[in-house]
There are 4 protein chains.
Amino acid sequence: MSGINKVILVGHLGKDPEVRHLDGGVTVASFPLATSETYNKDGKRVEQTEWHNIVLWRGLAEVASKYLQKGKLVYIEGKLRTRSFEDKEKVKKYVTEIVAENFTMLGRKSDFEQSPTTPTHQSAEAKIEDEFTIGPSDENGDLPF
Amino acid sequence: MSGINKVILVGHLGKDPEVRHLDGGVTVASFPLATSETYNKDGKRVEQTEWHNIVLWRGLAEVASKYLQKGKLVYIEGKLRTRSFEDKEKVKKYVTEIVAENFTMLGRKSDFEQSPTTPTHQSAEAKIEDEFTIGPSDENGDLPF
Amino acid sequence: MSGINKVILVGHLGKDPEVRHLDGGVTVASFPLATSETYNKDGKRVEQTEWHNIVLWRGLAEVASKYLQKGKLVYIEGKLRTRSFEDKEKVKKYVTEIVAENFTMLGRKSDFEQSPTTPTHQSAEAKIEDEFTIGPSDENGDLPF
Amino acid sequence: MSGINKVILVGHLGKDPEVRHLDGGVTVASFPLATSETYNKDGKRVEQTEWHNIVLWRGLAEVASKYLQKGKLVYIEGKLRTRSFEDKEKVKKYVTEIVAENFTMLGRKSDFEQSPTTPTHQSAEAKIEDEFTIGPSDENGDLPF
DNA sequence: TTTT
DNA sequence: TTTT
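Residues numbered from 1 in each chain as written. Chains lettered and ligands numbered in written order. Predicted model: local features only at pLDDT ≥ 70, side-chain atom pairs only at ≥ 80, totals over all residues. Heavy atoms only, no water.

> Whenever I open this one, the pairing of strand S2 (residues 18-21) of chain D confuses me. Can you help?
Both faces of the sheet carry side chains from a regular strand, because those side chains alternate between them. Residues and elements named next belong to chain D. Across 4 bridges, S2 lies against strand S3 (residues 27-41) in antiparallel orientation. When the bridges of S3 are listed, Arg20 appears paired with Val28. Connecting S2 to the antiparallel partner S3 that follows it, the hairpin turn spans 5 residues, and Gly24 within it adopts a positive phi of roughly 100 degrees. (Pairing = 2+ DSSP bridges. Helix = DSSP H or I, 4+ residues; strand = E, 2+ residues; numbered from the N terminus.)

> Please explain the interface of chain A and chain C as it appears in this structure.
For interface size, the figure often reported is the accessible area lost on association. Contacts between the two partners involve 27 residues from chain A, matched on the other side by 28 residues from chain C. Around 2,300 Å² of area is buried between chain A and chain C when both sides are counted, 48% of it from carbon and sulfur atoms. There are 2 salt bridges connecting chain A and chain C. Where Lys79 of chain A meets Glu37 of chain C, a salt bridge forms, and the shortest distance between an N and an O atom there is 3.2 Å. Our count for the contact surface shared by chain A and chain C stands at 8 residue pairs in polar contact (both at pLDDT 80 or more). Of all elements in the fold, only strand S1 (4-13), strand S3 (27-41), strand S4 (44-57), strand S5 (73-86), strand S6 (92-105) and helix H3 (134-139) of chain A reach the threshold of two or more residues within the side of chain A that touches chain C. If one sorts the elements of the side of chain A that touches chain C by residue count, S1 of chain A sits on top with 8 residues. (Contact = heavy atoms within 4.5 Å. Buried area = accessible area lost by both parts, 1.4 Å probe. Salt bridge = Lys/Arg side-chain N within 4 Å of Asp/Glu carboxyl O. Polar contact = N/O pair within 3.5 Å; in protein donor to acceptor, adjacent residues only side chain to side chain.)

> Help me understand the pattern of salt bridges, please; the structure alone is not making it clear to me.
Tallying each qualifying case throughout the model produces 24 salt bridges over all chains. Note that Arg81 of chain A is salt-bridged to Glu97 of chain A, the shortest N-O span being 2.7 Å. Of the two residues, Arg81 of chain A sits in strand S5 while Glu97 of chain A sits in strand S6, which places them 16 residues apart along the sequence. Taking the relative accessible area as the measure of exposure, Arg81 of chain A reaches 10% and is therefore buried. Given the relative accessible area of 0%, Glu97 of chain A is considered buried. Taking the shortest distance from any N to any O, the salt bridge between Arg83 of chain C and Glu97 of chain C comes out at 2.9 Å. On the criterion of sequence distance, the pair formed by Arg83 of chain C in strand S5 (residues 73-86) and Glu97 of chain C in strand S6 (residues 92-105) is long-range, its members being 14 residues apart. The exposure classification of Arg83 of chain C matches that of Glu97 of chain C, with both residues buried. Each of Lys6 and Glu77 of chain A together with Lys6 and Glu77 of chain B takes part in salt bridges that share partners, so that together they form one network. (Buried < 20%, exposed > 50% of the residue type's maximum accessible area, 1.4 Å probe, protein only.)

> How should I be thinking about the relation of the copies chain A and chain C in this particular structure?
It takes a turn of 180 degrees to lay chain A on chain C, together with a shift of 0.0 Å along the axis; the resulting RMSD is 0.1 Å. The transformation just described matches what one would write down for a two-fold rotation axis. Residue Val7 of chain A, judged by its C-alpha, is the member of chain A lying nearest the rotation axis, at 2.2 Å. (Least-squares fit on C-alpha atoms with pLDDT ≥ 70 in both.)

The following block contains the structure:
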């Protein structure tokens, strides 16, 4: 009956968003995001980087493809979803993704110069669209990330 | 350009939601929420309770008034907002509230029996409404909590 | 230089925690956690359950093994980590886990009856510093901000 | 019995941290933090800024006083606490603060030049346990989940 | 594959 | 009182 599934990330895009238009006109975007943590190990600074698979649907995908690029710092809020797919050898595999529910660009304005009206917190439309996330992703279980 | 203002609470309602209908038909609900923390002090268990002022607008207010009651356990996500108002003696005071963006009822199903279709995660409509939060709250700076 | 990798879950344990003691005396516990989301699809209520692999280390693993059991409702905070391993056929696989940083048991007290001194916010050593927070602030109620 | 009280903020310091040393040697630091939200109102871009009172204790206060300054962008995680105090006229007042539990500096390295070894996720003692997480998991890459 |  |  109840549950909370929430992910909060701040990190840099490893690549430009990759955008796809599914049958029916639904837009989906995805990109890898790196979150780095620095800690001390035996007096030395060690950096540990974790890579996350970010997926965005519909309006949020479109906004992301417009404003986000490789290297940008971004705050992302979303939920975890693990889905299975078959690789080229027909082996069943699992991948865990973060389905974004909203995002906010961080850092200097100059980082986002190409956007004349930089949106801050993509909310309204993007969140509505998200409600339909389950349908399209089911139809498209073999979506390559 | 950027900013995140997010609050996540799990706690029990201290009272039933209090519902008001503003001019223009906007619904606003509010209630106190208690979050308790237990810690050790000199070998003794001490419970520390913190009270939060929760405010919900429009669709979210209506759902809350239907499904939430005093004593229920609830997950609330929202943002902080501090606003000023004048008390009866015309003294300017400040109050910090959590403007809910969504909520989820936790605990046993029997706790929510009165609801035939218990909603889990109020999202769509509720989030849209939230976009207009600033207007009504400005019109109503003297809203008693 | 910077990064945030945070997961917040509220869900039910799918199994009792499985505890292992590594060489060197380190304790590690793990269990699957289900988070459910209910939404409307074509006017019907659909429940979507997501399973998460939770891993806990050291003190947190020990507390978890003592107080958590299959079916219990729990709040978990942690971070995402994807690691690779070889399966029985020597095929390299990936799994994404949530490394817990603290947890709190939710639900009725009776759910945790076996624990005479139900801890609220379990994070073992990690939270010791935090536990003394109240003292100084009490001594200093007039702290000018 | 249970409760979660968590605040997540990303914003800019409005002032340098103000540091105090209490009797007993406890360090406490505080500063105002601004989180800004931009939204559309009647086709115009409106910026709404919220100010938060951040308080840090002990080790975290010391790290903050060393590395944070007015204008810096920072991620802060903490909990809400409302406390009462008497103002100069002996009137009882309330103030809601965010007691920081850890913070991470965001933005360009040049923003933190004065720190030769910029720490990433500062939470002093509170995170020591966490720092050794990586070791054991590496030793145990084949940990069956 | 990012960033510092 | 910050930032874009």
